[in-house]
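# Notes for the structure review
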Amino acid sequence: MIDVDVAVIGGGVVGCAVARELAGYQVSVALLEARGDVGDGTSKANTAILHTGFDATPGSLESELVARGYALLTGYSAVTGIPVERTGAVLVAWTSAELGVLPELAGRAEKNGYDRCEIVTADAVYAMVPSLGEGALGGLTVPDESIICPWTTTLALATEAKLRGARLLFHHRVIGVRPEPGATTLVTGAGDVRARWVVNAAGLHADVIDGLFGFDRFAVLPRRGELLVFDKLARPLASKIILPVPSAVGKGVLVSPTIYGNVLLGPTAENLTDRGDTSTSAEGFEFLLSKGRAIMPSLLSEEITASYAGLRAAAGRSDYVVEIDPSRRYLLLGGIRSTGLTASMALAEHARTLLTGAGLALEPRAALPDPPRMPNIGEAYPRPYERADRIAADPEYGRIVCFCERVSQGEIRDALTSPVPPCDLDGLRRRTRAGMGRCQGFYCGAEVAALLSGAPG
Ligand SMILES: Cc1cc2nc3c(=O)[nH]c(=O)nc-3n(C[C@H](O)[C@H](O)[C@H](O)COP(=O)(O)OP(=O)(O)OC[C@H]3O[C@@H](n4cnc5c(N)ncnc54)[C@H](O)[C@@H]3O)c2cc1C
């Protein structure tokens, strides 16, 4: 049986951040993930915004951790090469009621410790985003709102966790919990794991794990968000994130550039009961088109490359559900709904503080490996196919496999031999962009699949 000091359940961005954080200390750490890869749940299907937290509820844990997470992830991205672009955002008021809310939102930003928002006139909004639809009455700027690669973020955290000695246990779905004196045995389909401390970062299933520990304190309510991805030719239309005025129901539908050079429209917000339903719907598609037509009519003349949906792990509360039980040596990180990508590293830091407060002794390791330098899959930084020096040193970077996204055989090889390699085509896409372009893998799919399976290309 595997025996560790700390087991982290869930290999999303939050679990990977926690595993990385704790593996920096003299404790053995295992990450138990039900699927065959990290970042294959909600962490792969979101809006990919690195939030300043300007609109969070002041005084909430979410407000504190989003602001801290923004700073931590910005610094970590610079070190590891996670693609980030500080595009800034403009929140647009379309009605007089929304215009009236802007001072309150600016005040909320100040209360959240963010003092760079500015209320601007309609003319200023149109000067910033000339392609905006008619009828904007004014706006609020958020200069530091950024776009980030969610896939590289989770991978960098998982890679560093592994380099620091954490064990990544895939296909380890936790199905039972056996309390023992001084430890807990986690029962999984792939064998038991005994841990002195357990961190529950199981996202959409965090309440189920919580139930296995005997708690009945919250229920996850999956809230689906569907998004449309527009072709790269649309990118000049949206140089900034265009936000709506948030309402009681959520953050609303936005238009955002992506780190890969596309434009996103979404997300919807629909309460479901099925925690696995990440399908897209005709209703969602129509709803988004109607919103997009009003926000930016010219966007609808561009082609839609793809659509996808992610499920927010809502918990019927307006804040994260983070609670520690020192007697059971168990920490719950639940209800991480709409901001968990941004807050991930701060959640990990917070988890460490709670665990040490509850009695887990953490001594820093004497020597830690350098953080990994991740391959760049962002459009704003040079990619291997653009770099003559890299191609000269290694001609495989000049051999393009995926022509839509300009992915070279060298990058696919690097992904397949990386510390946390993909287990399927979707995982390879998240590491390289192969197959996510206009043709959606129609032309390169067979060759990429052959490379994945180790067959000659
Ligand atoms: C539409 C949408 C838009 C969003 N936009 C943003 C944004 O712009 N910015 C932002 O910061 N955040 C955003 N978010 C939120 C963000 O994506 C999430 O908060 C974050 O990904 C949650 O990460 P996680 O690790 O908690 O969950 P997950 O990524 O879901 O990871 C949980 C993992 O636990 C595993 N698991 C579950 N049960 C078990 C078990 N029994 N045993 C073992 N493993 C298990 C799952 O397989 C999964 O891999 C958005 C979310 C959605 C849905």
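An account of the accompanying structure is given in this report. All values reported here derive from a predicted model rather than from experimental measurement.

Criteria and thresholds
- Residues numbered from 1 in each chain as written.
- Predicted model: local features only at pLDDT ≥ 70, side-chain atom pairs only at ≥ 80, totals over all residues.
- Heavy atoms only, no water.
- Pairing = 2+ DSSP bridges.
- Helix = DSSP H or I, 4+ residues; strand = E, 2+ residues; numbered from the N terminus.
- Buried < 20%, exposed > 50% of the residue type's maximum accessible area, 1.4 Å probe, protein only.
- Lys, Arg positive; Asp, Glu negative; His and termini not counted.
- Salt bridge = Lys/Arg side-chain N within 4 Å of Asp/Glu carboxyl O.
- Polar contact = N/O pair within 3.5 Å; in protein donor to acceptor, adjacent residues only side chain to side chain.
- Contact = heavy atoms within 4.5 Å.
- Phe/Tyr/Trp six-rings, centres within 6.5 Å; stacked < 30°, edge-to-face > 60°.
- Lys NZ or Arg CZ within 6 Å of the ring centre and 35° of its normal.
- Axes fitted to C-alpha atoms, helices over the stretch in contact; angles between N-to-C directions.
- Parallel < 35°, antiparallel > 145°, perpendicular 65-115°, else oblique.

Pairing within the open sheet is antiparallel, and its three strands lie in the order β3-β8-β4. In the strand order of this sheet, the two ends are held by β3 (49-50) and β4 (84-85), each with one partner. Taken together, the two bridges between β4 and strand β8 (residues 146-148) define a ladder with antiparallel strand orientation. Looking across to β8, one finds that Glu85 is bridged to Ile147.

Another aspect to go through is the side chain of Glu145. Tracing the backbone through its elements, the reader meets Glu145 in the loop between β7 (138-142) and β8. Here Glu145 occupies a buried position and makes no salt bridge, while the nearest side chain of opposite charge, Lys251, is found at 6.3 Å. Of note is the side chain of Glu145, whose polar atom sits 2.7 Å from the side chain of Thr52. Once residues lying within four places of it in the same chain are set aside, the contact partners of Glu145 are Ile49, Leu50, His51, Thr52, Phe54, Arg86, Thr87, Gly88, Ala89 and Ile241.

A few words now on the packing of aromatic side chains. What the rule picks out here adds up to four aromatic pairs. For the ring pair Trp151 and Tyr260, a centre distance of 4.9 Å and an interplane angle of 20 degrees mean the geometry is stacked. Linking Trp151 in helix α5 (residues 150-163) with Tyr260 in the loop between β15 (254-257) and β16 (263-266), this pair joins segments that are 109 residues apart in sequence. With respect to burial, Trp151 and Tyr260 carry one shared label: buried. Judged by centre distance (5.1 Å) and plane angle (80 degrees), the ring pair of Phe442 and Tyr443 falls under edge-to-face. In this structure Tyr443 comes out as exposed when scored by relative accessible area, which is 71%. Between Arg217 and the ring centre of Phe215, over which it is positioned, the NZ or CZ distance is 3.7 Å.

Next up on the list: the packing of helix α2 (residues 61-80) against α5. At a closest axis distance of 11 Å, the pairing of α2 and α5 adopts a crossing angle of 75 degrees. The orientation of α2 with respect to α5, classified from their angle, is roughly perpendicular. Of the residues in α5, those in contact with Leu73, Tyr76 and Thr80 of α2 are Thr153, Ala156, Leu157 and Glu160.

No statement about biological role is implied by the geometric values presented.
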